[in-house]
Structures are given as structure tokens and as C-alpha cells.
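# Notes for the structure review
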Amino acid sequence: MGMNVGSDSTTEDEGIVDINTTPLIDVMLVLLIMLIITIPLQTHSVSIDLPQGNPPPSTAPDPVVDTVAIDFDNTITWNGEPVASDADLQARFKDAAAQPVQPEMHIHPDRLASYKVVAKVLADAQRLGVSKLGIMGSDQFMDAQ
């Protein structure tokens, strides 16, 4: 790498002002060769004989799912059966919460159901100890937008 920083006279030979790129190219080629050599080592696979077998069958029973539907006219049904009163709904929530393996509760409100009724059903379920609770049918609300 050389350059002439001397006088401003034009009679002297001027130095080379460019950077000598030969060492940079040499380093780049060495790195490229190292990369080419190491790539096959990284992709080399090792075959391992893993044991084959069937997993044992599940001993847990299938979970019970109770569906609480709230229709457009705010009538509440439990697994297709109409619920007569709030006391009956609360008694069913208590029974479900008292079971050793609590069933999943799926609340399925209709799009036209009153928010007040849906919120009351959710609050009753939470207050009475139902922990596995989900709201189903949210796709019907996506169509309204």
C-alpha cells in the first residue's frame, strides 16, 4: 500500500493512490475455501437406531363436554334440554363443579342473544367453581363485520 504524500511538483513520478486489494482478495479466497470444506462436515448425518414400539393406550377417559346454549330469544339450554330457571342453571353448575373430573363447559351464545344474559351465565359459572369454561361459535361474530 503506497502513496506519495510529498511535494506538489508534477515532474516527479506520482505515487499510486489506490489501495492494494490483492491481500484482501487472498483473505477472501481463503475464507471461501474454508467454507467450502466445512459445509459437508455440517450436513453429514449420523444414523441412529431408535427403538420402535407402540405407545401404551390412554387410560384417561374421554372428557365430558357440557354445552350451554343461549338462543336468540335468551332461552338457555343445557345439552339440548331447556333450563327452567336460574336456580336450575346454578344447580347444574354446582353439580358440574363438584365432580372429581370436572367436565368442559362450552358456552354457545347466539349472535342475537342479550349480552346481559350471556354475562350472567358466565358469571354464575365462574362464581360456582366451573374452571374449564370456553365460549364457542365466535365465527358467527366475524361475519357481522
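So, a few notes on the structure that sits alongside this text. Keep in mind that what you see is a predicted model, and the values were worked out from it rather than measured.

### As for the pattern of salt bridges
- Applying the stated criterion across every chain, the model contains five salt bridges.
- Across the pair Arg-92 and Glu-81 runs a salt bridge whose closest N-O atoms are separated by 3.7 Å. Here Glu-81 lies in strand E3 (residues 81-82) and Arg-92 lies in helix H2 (residues 86-98), a separation of eleven residues in the sequence.
- Linked by salt bridges that have partners in common, Asp-86, Lys-120, Asp-124 and Arg-127 make up one network.

### Concerning the pairing of strand E1 (residues 65-70)
- Examined bridge by bridge, E1 and strand E4 (residues 104-109) share six bridges and lie parallel to one another. Looking at the pairing, Val-68 lines up with Ile-107 of E4.
- Relative to strand E2 (residues 76-78), E1 runs antiparallel, the two sharing three bridges. By the bridge assignment, Ile-70 is partnered in E2 with Ile-76.
- Taken together, E1 and the strand that follows it, E2, pair antiparallel across an intervening segment of five residues, in which Asn-74 is found at a positive phi of about 65°.

### Quick look at the environment of Asn-79
- Note on placement: Asn-79 falls in the loop between E2 and E3.
- In this structure, the C-alpha to C-alpha distance between Asn-79 and His-106, residues 27 residues apart in sequence, is 9.8 Å.
- Among residues more than four places away in sequence, those in contact with Asn-79 are Val-65, Asp-66 and Thr-67.

What counts, and where the lines are drawn
Residues numbered from 1 in each chain as written. Predicted model: local features only at pLDDT ≥ 70, side-chain atom pairs only at ≥ 80, totals over all residues. Heavy atoms only, no water. Salt bridge = Lys/Arg side-chain N within 4 Å of Asp/Glu carboxyl O. Helix = DSSP H or I, 4+ residues; strand = E, 2+ residues; numbered from the N terminus. Pairing = 2+ DSSP bridges. Contact = heavy atoms within 4.5 Å.

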